[in-house]
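Here is how the chains run, residue by residue.
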Amino acid sequence: MALIVQKFGGTSVGSVEKIKNVANRVIEEAEKGNEVVVVVSAMGKTTDQLVSMARDISGSPSKREMDMLLTTGEQVTISLLTMALIEEGHEAISYTGWQAGMQTESVHGNARILNIDATRIQAQLQEKKIVVVAGFQGHDANGEITTLGRGGSDTTAVAIAAALNADRCDIYTDVTGVFTTDPRYIKGARKLQSISYDEMLELANLGAGVLHPRAVEYAKNYQIPLEVRSSMERESGTIIEEEATMEENLIVRGIAFEDSITRVTIYGLPQSLGALSTIFTTLAKNRINVDIIIQSMTAEDTTNLSFSTKSEDTEAALIVLENNKEQLGFDRVETESGLAKVSIVGSGMVSNPGVAAEMFEVMANTGIQVKMVSTSEIKVSTVVNEKEMVKAVESLHEAFKLGQHANVLA
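Residues numbered from 1 in each chain as written. Predicted model: local features only at pLDDT ≥ 70, side-chain atom pairs only at ≥ 80, totals over all residues. Heavy atoms only, no water.

In the annotation of an unreviewed UniProt entry, the protein chain is listed under the name Aspartokinase and assigned to Peribacillus castrilensis. Check the Subunit (unreviewed entry) section of the UniProt entry for the protein chain; it says "Tetramer consisting of 2 isoforms Alpha (catalytic and regulation) and of a homodimer of 2 isoforms Beta (regulation)." Database annotation for the protein chain, UniProt heading Function (unreviewed entry): "Catalyzes the phosphorylation of the beta-carboxyl group of aspartic acid with ATP to yield 4-phospho-L-aspartate, which is involved in the branched biosynthetic pathway leading to the biosynthesis of amino acids threonine, isoleucine and methionine." (UniProt positions renumbered as here; feature names shortened; annotations may be inferred.)

**Q** Hey, could you go over the overall build of the protein chain for me, with residue numbers and the actual values?
**A** Per the secondary structure count, the protein chain includes twelve helices and 18 strands. Taken against the 2.2 N^0.38 rule, which gives 22 Å for 410 residues, the C-alpha radius of gyration of the protein chain at 23 Å falls within 12% of a compact globule. Along the longest, intermediate and shortest principal axes, the C-alpha atoms of the protein chain span 75 × 55 × 35 Å. Residues counted as buried form 51% of the 410 residues belonging to the protein chain. Sequence separation of at least 24 residues holds for 75% of the intrachain contacts in the protein chain that already meet a minimum separation of 6. Here the protein chain has roughly 19100 Å² of accessible surface; of this, 47% comes from carbon and sulfur atoms. (Helix = DSSP H or I, 4+ residues; strand = E, 2+ residues; numbered from the N terminus. Rg over C-alpha atoms; globule rule 2.2 N^0.38 Å. Buried < 20%, exposed > 50% of the residue type's maximum accessible area, 1.4 Å probe, protein only. Contact = heavy atoms within 4.5 Å. Areas by Shrake-Rupley, 256 points an atom, 1.4 Å probe, with all protein chains shown as cover.)

**Q** Describe the pattern of salt bridges, listing the residues and the values that go with them.
**A** Pairs may arise between side chains of opposite charge once their charged atoms sit close together. Enumeration over the complete set of coordinates arrives at 18 salt bridges. Among the ionic pairs, lysine 32 bridges to glutamate 29, the shortest N-O distance being 3.8 Å. Judged by relative accessible area, which is 62%, lysine 32 ranks as exposed. As a salt-bridge pair, arginine 168 and glutamate 29 come within 3.5 Å of each other at their nearest N and O atoms. Taken as a pair, arginine 168 in strand S9 (residues 168-173) and glutamate 29 in helix H1 (residues 16-30) lie far apart in primary sequence, 139 residues in all. A residue is classified by how much of its surface remains accessible, and glutamate 29, at 5% relative accessible area, is buried. It is possible to trace a salt-bridge network through shared partners that takes in Glu29, Lys32, Arg168 and Asp170. (Salt bridge = Lys/Arg side-chain N within 4 Å of Asp/Glu carboxyl O.)

**Q** With reference to specific residues and values, describe helix H3 (residues 63-87).
**A** A turn of α-helix holds 3.6 residues, and therefore any two residues three or four places apart point the same way. The terminal C-alpha atoms of H3 lie 37 Å apart, and with 25 residues this matches the ideal 36 Å at 1.5 Å per residue to within 8%. Burial in H3 covers these residues: Met66, Asp67, Leu70, Thr71, Gly73, Glu74, Thr77, Ile78, Leu81, Thr82, Ala84 and Leu85. Among the residues of H3, the N-terminal cap falls to serine 62, whose side-chain oxygen and the backbone nitrogen of arginine 64 are separated by 3.3 Å. The positive-phi residue at the C-terminal boundary of H3 is glycine 89, with phi of around 90 degrees. (Expected span 1.5 Å × (residues − 1). Polar contact = N/O pair within 3.5 Å; in protein donor to acceptor, adjacent residues only side chain to side chain.)

**Q** Go over the nonpolar core with me, naming the residues and quoting the values.
**A** By size, the foremost hydrophobic cluster in this structure holds 71 residues, and its most contacted members are Val5, Ile121, Ile160 and Ile344. By residue number, the principal contributor to this core is helix H5 (residues 152-163), which donates six residues. Leaving out residues up to four positions away in the same chain, isoleucine 121 has contacts with Val37, Tyr95, Ala100, Val131, Val133, Ile160 and Leu164. Residues Val22, Val36, Val40 and Leu85 belong to the second largest nonpolar core, which totals 21 residues. (Core = buried A, V, L, I, M, F, W, Y, C linked by side-chain atoms within 4.5 Å.)

**Q** Could you give an account of the pairing of strand S11 (residues 226-230), naming the residues involved and the relevant values?
**A** Among the five residues that make up S11, five are buried, leaving the element largely enclosed by the rest of the structure. Judged by which residues are buried, S11 turns out to be covered on both faces: Leu226, Val228 and Ser230 on one side and Glu227 and Arg229 on the other are all buried. Where S9 lies against S11, five bridges are found, and the strand directions are parallel. Directly across from threonine 173, in S11, lies its bridge partner serine 230. Across three bridges, S11 lies against strand S12 (residues 238-241) in antiparallel orientation. Bridge pairing in S12 links glutamate 227 to isoleucine 239. (Pairing = 2+ DSSP bridges.)

So this is what it looks like as C-alpha cells:
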C-alpha cells in the first residue's frame, strides 16, 4: 500500500462531467489499495470570472476580500468531487485549506506556506477515506484566509505530499507530460520520460507553465517524486526526480520561452559600491521582480544598468524608480518593450563547454539579434524581439536535436 497525492487543475475539473472523470481516476488509485489525498483547483475559468466580478465593483479591491472571494472557487470543486466519490460507493471527505491545516504567512494574494498540521488528514486516511483538499489556499496565525498565488494548487499538493511523507505526487493536467518545449507552438516538441528537479525548476522559472516553480522547489527539498500526466489520457507521464534516468545523452533537455518582456535601462548611476545594492533592494521592497541584469561603465565615471522584467510590472518599476530618483542618484530611465525571453536548459551543459556558443551561432545564422544574456550552470537565457520568439525556439529545438528519439516515448 502506498500513499498517493493527486492534483487536478482547473481544466481537468471544468464541468460536472469532467469531475466525474476525475472521480474515476481517483477511484482507480484507491482500488489498488492505496491511500489517496486529492488536491483540486477551481472549475475551469471560475477564478477569472470571480476576479472580473470584483473588478466590476472596484478598480482596486481589498486584497483580504479578494482572498475571501477567490477561495470559494475551490470549495465548490471539493464538495462536488467528494459527492461524486460518495455516489460511486467510496467514503470521502472534503477540506478547505484551513481545515486541512495549511498554515501560511500573513500575506494576501501570494502567501507562502509555513507549516502543515496534517492531523485531520491523517485521521481520515486511517478511517479509509479519500481526502479531498482545496488547493491554492490556507490561513495565517490570526485565522485569516489566505491564497498562495499563481500555481498555488501545485504547491498545495506537493506540500501535503511532503507533510504526509507520501510515496508519490501525481500532477494531472491537460497535457500528457513535460515536453522539450511547448507543443502548442513547436510541432516537433516531444514528451520527456524524465527530468531532474533542477532542470524542471529552471524551465518553470523561465516560462514553462506545466508546473509552478514553488511546487518543484518543495518536491526537491523533500525529495518527493512527481509525475506530470494527463487527466484524460491513460498513459505514463513525465517523472521529475533528483536525477533524470532516461535520455542521459541529451545535453539540452528543454527550451522555455516567455513573451511580454521589457528591458529597463537606468542611465547615469554613480559608480559607488552600494549603488547596485540600493537599486535592487528598493525594487525588491516594492515586490518588483527583475531577471537578466547587465551593467556597463561609462567614461564619465557613471554606470548604466539594464534589467529585464515582465511587461505587466514595468509601470510599477518606473514609479518606484522615479519616487526614489534623488536617493538612487541616476539621470534618466528608458524602456524597450515588445521583447521575449528564450532559454535552453539541461544538466548536461555543466560538462559540455561550447553550448552557449552554439546557441548564439544558431541565433546569428537565423538572423535573430540577442539583446541580453544570462547564464547559469544548466541554462542560457537570451532576450530577443517578441516577433522572433517562435522562430528562435524552432531553430534551437532543431539545432539541439530535441525532436529526435520520439520512438522511445510512451
